[in-house]
Amino acid sequence: MNEQRIAIITDSGTDVPAAFVAAHDVRVIPLRINYSDGSTYESGVDITPEEVVTRFDEEVPATSLPSPLRVREAFEQAQRDGYVAAVAVTISSGLSATFETVGMIARQMEGFPVVMVDTKSIGVAAGLVVMEAVRQIEAGMPLERIGSVLSAVSERVRVFFSVQKLDFLRKGGRISETVYRVGSLLNIKPVLTCSPQGTYVIEKKVRGWQHALDAQVELVAEEAARWGQVRLAICTHEPHLRSVLEERLRERVGNAVEVLSGGLSPDLLVHTGPTIVGMAVMGM
């Protein structure tokens, strides 16, 4: 129970499981999805992952940051609901200006202190940091210490992901034209991760989709072996594949205290496409 009345606020790109969000009153600020006809949607609010994927054949939309007004509304609503402070945990500042936007509004809040946390990651990996923020606050961690604690947590989190088709990552400028062309020609599937600065880098190159999935499992297992216990997470838009890979992770990683699995937010699907598979590990 959050007896300190410190709100946890995040953005939709962290992919925190909906059940956890509801159970712990995590406030999620949605990123926006924009189509060429002028229509704009809030990720996960008035557009679903399925709707985004269905429309891919017609158009791959663009994404944009939450408006400053939307961010301010989230802080002010938390204050009206009886919270006295907030911890705002966002996706990597190296991949999105969300951290800067939220931080700008946070500094304008009078009488409502906000601690900003840059996860240096994205998707389920960033979500693991959000969930740890909730656990720490509910356990009584003082606001003045939570920033340094969560920064250390972020450094213990790794994410690995790959896609069958590189088109979406190329369109969003996440991989170079050279990587795209060579990968497409030779069926090379890069396994990507986030650097310490929170930008995408290639962790490993393999040939073929199945080998990419195998490589992800092994990379997670290698990272997990560095810690006494770990929390794991997996995300993909395909439920059957999600179940198969979750079982593989449970078999391969013996020191996992939890394995979370789920889908992706609409905004992340825009940048990666529907074939993405992501895995994350958090050392404890």
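Values in this document were obtained by computation on a predicted structure and should not be read as measured data. (Residues numbered from 1 in each chain as written. Predicted model: local features only at pLDDT ≥ 70, side-chain atom pairs only at ≥ 80, totals over all residues. Heavy atoms only, no water.)

Engineer: Account for helix 10 (residues 239-252), with residues named and values stated.
Structural biologist: Within an α-helix, residues lying three or four positions from one another point in the same direction, as the helix has 3.6 residues per turn. With 14 residues, helix 10 should reach 20 Å at 1.5 Å per residue; the first-to-last C-alpha distance of 20 Å fits that figure. Regarding helix 10, the residues found buried are L241, R242, L245, E246 and L249. Take helix 10 and look down its axis: the buried residues cluster within an arc of 135°, on one side only. Every exposed residue of helix 10 that faces more than 90 degrees away from the buried side is listed here: H240 and E251. Looking at the packing, one finds that the buried side of helix 10 touches helix 9 (209-224), strand 11 (230-236), strand 12 (256-262) and strand 13 (277-283). (Helix = DSSP H or I, 4+ residues; strand = E, 2+ residues; numbered from the N terminus. Expected span 1.5 Å × (residues − 1). Buried < 20%, exposed > 50% of the residue type's maximum accessible area, 1.4 Å probe, protein only. Arc of directions from axis to C-beta. Contact = heavy atoms within 4.5 Å.)

Engineer: Let's hear about the packing of helix 5 (residues 123-138) against helix 6 (residues 143-155): which residues, and what values?
Structural biologist: Axis angle and axis distance: for two packed helices, these are the angle between their axes and the distance between the axes, and together they describe the pair. Where helix 5 meets helix 6, the closest approach of the two axes is 10 Å, and the angle between their N-to-C directions is 145°. Considering only the axes of helix 5 and helix 6, their crossing is right-handed. Touching V129, E132, A133, Q136 and I137 of helix 5 are I146, V149, L150, V153 and S154, all from helix 6. Of the residues belonging to the contact of helix 5 with helix 6, the class tally is seven nonpolar, two polar and one charged. (Axes fitted to C-alpha atoms, helices over the stretch in contact; angles between N-to-C directions. Left-handed = near helix turned anticlockwise from the far one by under 90°. Nonpolar A, V, L, I, M, F, W, Y, C, P; charged D, E, K, R; others polar.)

Engineer: Summarise the pattern of salt bridges; cite the residues concerned and give the values.
Structural biologist: Within the structure shown, the criterion is met by 14 salt bridges. A salt bridge links E42 to R70, with the nearest nitrogen and oxygen atoms 2.7 Å apart. Placement of E42 in strand 4 (residues 40-42) and of R70 in helix 3 (residues 68-80) is noted, with a sequence separation of 28 residues between them. Given the relative accessible area of 23%, R70 is considered partly exposed. D118 serves as the salt-bridge partner of K120, at 3.4 Å between the closest nitrogen and oxygen. You can call D118 buried: its relative accessible area is 14%. (Salt bridge = Lys/Arg side-chain N within 4 Å of Asp/Glu carboxyl O.)

Engineer: Please provide a residue-by-residue account of the nonpolar core, values included.
Structural biologist: Of all hydrophobic cores here, the largest spans 48 residues; its most connected members are I8, V87, V89, I146 and L150. In terms of residue count, the dominant contributor to this core is helix 5 (ten residues). Of all hydrophobic cores here, the second largest spans 23 residues; its members include W209, A215, L219 and V259. (Core = buried A, V, L, I, M, F, W, Y, C linked by side-chain atoms within 4.5 Å.)

Engineer: A description of the sheet that holds strand 7 (residues 114-118) should follow, citing residues and the corresponding values.
Structural biologist: The four strands lie next to each other as 2-1-6-7, forming an open sheet whose pairing is parallel. Whereas interior strands pair on both sides, the edge strands pair on one side only; in this sheet they are strand 2 (27-29) and strand 7. For this sheet, the mean inter-axis angle between neighbouring strands, taken without regard to orientation, is 20°. Pairing of strand 6 (residues 85-90) with strand 7 involves five bridges; the strand directions are parallel. Among the inter-strand pairings, A88 is bridged to a residue of strand 7, identified as M116. (Pairing = 2+ DSSP bridges.)

Engineer: Explain helix 9 to me, and be specific about the residues and the numbers.
Structural biologist: For helix 9, which comprises 16 residues, the first-to-last C-alpha distance of 23 Å matches the rise-based estimate of 22 Å (1.5 Å per residue) to within 8%. Listed as buried for helix 9 are W209, A212, L213, A215, Q216, V217, L219, V220, A221, E223 and A224. Buried positions along helix 9 lie against strand 8 (157-162), strand 9 (188-194), strand 10 (200-207), strand 11, helix 10 and strand 13.

Engineer: Tell me what's going on with the side chain of Q216, and back it up with residues and numbers.
Structural biologist: In this structure, Q216 sits in helix 9. The buried category is assigned to Q216, whose relative accessible area is 0%. At 3.0 Å, the side chain of Q216 and the backbone oxygen of F160 are in polar contact. Non-local contacts of Q216, meaning those with residues more than four positions away in its chain, are made with F160, F161, S162, V191, V277, G278 and M279. (Polar contact = N/O pair within 3.5 Å; in protein donor to acceptor, adjacent residues only side chain to side chain.)

Engineer: Got a sec to walk through the environment of L213? Specific residues and values, please.
Structural biologist: Considering the arrangement of structural elements, one finds L213 in helix 9. In the structure, L213 is positioned 130 residues away from Y83 in sequence and 43 Å away in space, judged by C-alpha atoms. Residue contacts for L213: discarding those within four places in its chain leaves L241, L245, V277 and M279.

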